[in-house]
Amino acid sequence: MDVRHLSDFMGFSAEKLQKLNLFKSERFFLDVYCLTPGQSQKPHRHATSDKVYLVLEGRCRFRIGADEASHGPGAALFAPAGVEHGVTNDGPDNARLLVLMTPPPEHA
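In what follows, the accompanying structure is described. (Residues numbered from 1 in each chain as written. Predicted model: local features only at pLDDT ≥ 70, side-chain atom pairs only at ≥ 80, totals over all residues. Heavy atoms only, no water.)

1. Looking at the packing of aromatic side chains
Ring pairs (aromatic) are described by centroid distance and by the angle formed between their planes.
Stage number 1. In total, this model carries one aromatic pair according to the counting rule given.
Stage number 2. Arranged with centres 5.3 Å apart and planes meeting at 55°, the rings of Tyr-53 and Phe-62 form a pair that is tilted. (Phe/Tyr/Trp six-rings, centres within 6.5 Å; stacked < 30°, edge-to-face > 60°.)

Below, the structure written as structure tokens:
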């Protein structure tokens, strides 16, 4: 049995958001994103991949399509394939997000 504990996946960098992988296969990935205040993942889209963000701690502003709002712990947000999405830690504290994508993004 492959067991991971979310509390073990915490790593912040002043330079950029950190993506820490929990699990990955050819069908999905599950990461923890660690963002210090002000860090962001610029808006982008994945033609054939769906993404789910789940806020573990902190508060972030999410943009999915034309919608934009801040959410805190316990919020889950869905970014369907083809829809532009991004996230910014707009709170005063570090933020951690559990991020699921299926299938993993296409790489050129």
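2. Description of the nonpolar core
Among soluble globular proteins, nonpolar side chains are generally buried collectively.
Stage number 1. Within the largest apolar cluster, 17 residues are counted, with the highest numbers of intra-cluster contacts made by Tyr-33, Tyr-53, Phe-62 and Leu-97.
Stage number 2. Formed by six residues, the second largest nonpolar core is a distinct cluster that contains Leu-30, Val-32, Cys-34 and Leu-98. (Core = buried A, V, L, I, M, F, W, Y, C linked by side-chain atoms within 4.5 Å. Buried < 20%, exposed > 50% of the residue type's maximum accessible area, 1.4 Å probe, protein only.)

3. Thoughts on the sheet that holds strand β1 (residues 18–24)
Stage number 1. In space, the five strands of this open sheet follow the order β1-β2-β9-β4-β7, with antiparallel pairing throughout. Because the sheet does not close on itself, it has two edges, and the strands there are β1 and β7 (76–79). Neighbouring strand axes in the sheet, compared pairwise and without regard to direction, differ in orientation by 20° on average.
Stage number 2. By the bridge criterion, six bridges tie β1 to strand β2 (residues 29–35) in an arrangement that is antiparallel. Each residue of the ladder has a partner; that of Asn-21, found in β2, is Asp-31. (Pairing = 2+ DSSP bridges. Helix = DSSP H or I, 4+ residues; strand = E, 2+ residues; numbered from the N terminus. Axes fitted to C-alpha atoms, helices over the stretch in contact; angles between N-to-C directions.)

4. Considering the side chain of Arg-96
Stage number 1. For Arg-96, the position within the fold is in strand β9 (residues 95–102).
Stage number 2. At 2.7 Å, the side chain of Arg-96 forms a polar contact with the backbone oxygen of Phe-9.
Stage number 3. Apart from the residues lying within four places of it in its own chain, the contact partners of Arg-96 are Leu-6, Phe-9, Met-10, Phe-12, Val-32, Tyr-33, Cys-34, Leu-54, Val-55, Leu-56 and Glu-57. (Polar contact = N/O pair within 3.5 Å; in protein donor to acceptor, adjacent residues only side chain to side chain. Contact = heavy atoms within 4.5 Å.)

5. A word on the pattern of salt bridges
Stage number 1. On inspection of all chains with the given rule, the structure shows six salt bridges.
Stage number 2. One salt bridge connects Arg-4 with Asp-2, and the closest N-O pair in it is separated by 3.0 Å.
Stage number 3. Where Glu-26 meets Arg-27, a salt bridge forms, and the shortest distance between an N and an O atom there is 3.5 Å.
Stage number 4. Among the charged side chains, a network of salt bridges with common partners joins Arg-45, Arg-63 and Glu-84. (Salt bridge = Lys/Arg side-chain N within 4 Å of Asp/Glu carboxyl O.)

6. Observations concerning the sheet that holds strand β6 (residues 67–71)
Stage number 1. The strand order β3-β8-β5-β6 describes an open sheet built from four strands, whose pairing is antiparallel. Among the strands making up the open sheet, the edge pair consists of β3 (40–44) and β6. For this sheet, the mean inter-axis angle between neighbouring strands, taken without regard to orientation, is 15°.
Stage number 2. Relative to strand β8 (residues 85–88), strand β5 (residues 60–64) runs antiparallel, the two being bridged by four bridges. Residue Arg-61 lies in a different strand from β8, and its bridge partner there is Thr-88.

7. Things to note about unusual backbone geometry
Stage number 1. Here the bond from Thr-102 into Pro-103 is cis, since omega is -15°, no more than 30 degrees from zero.
Stage number 2. Relative to the helices and strands, Pro-103 is located in the segment after β9.

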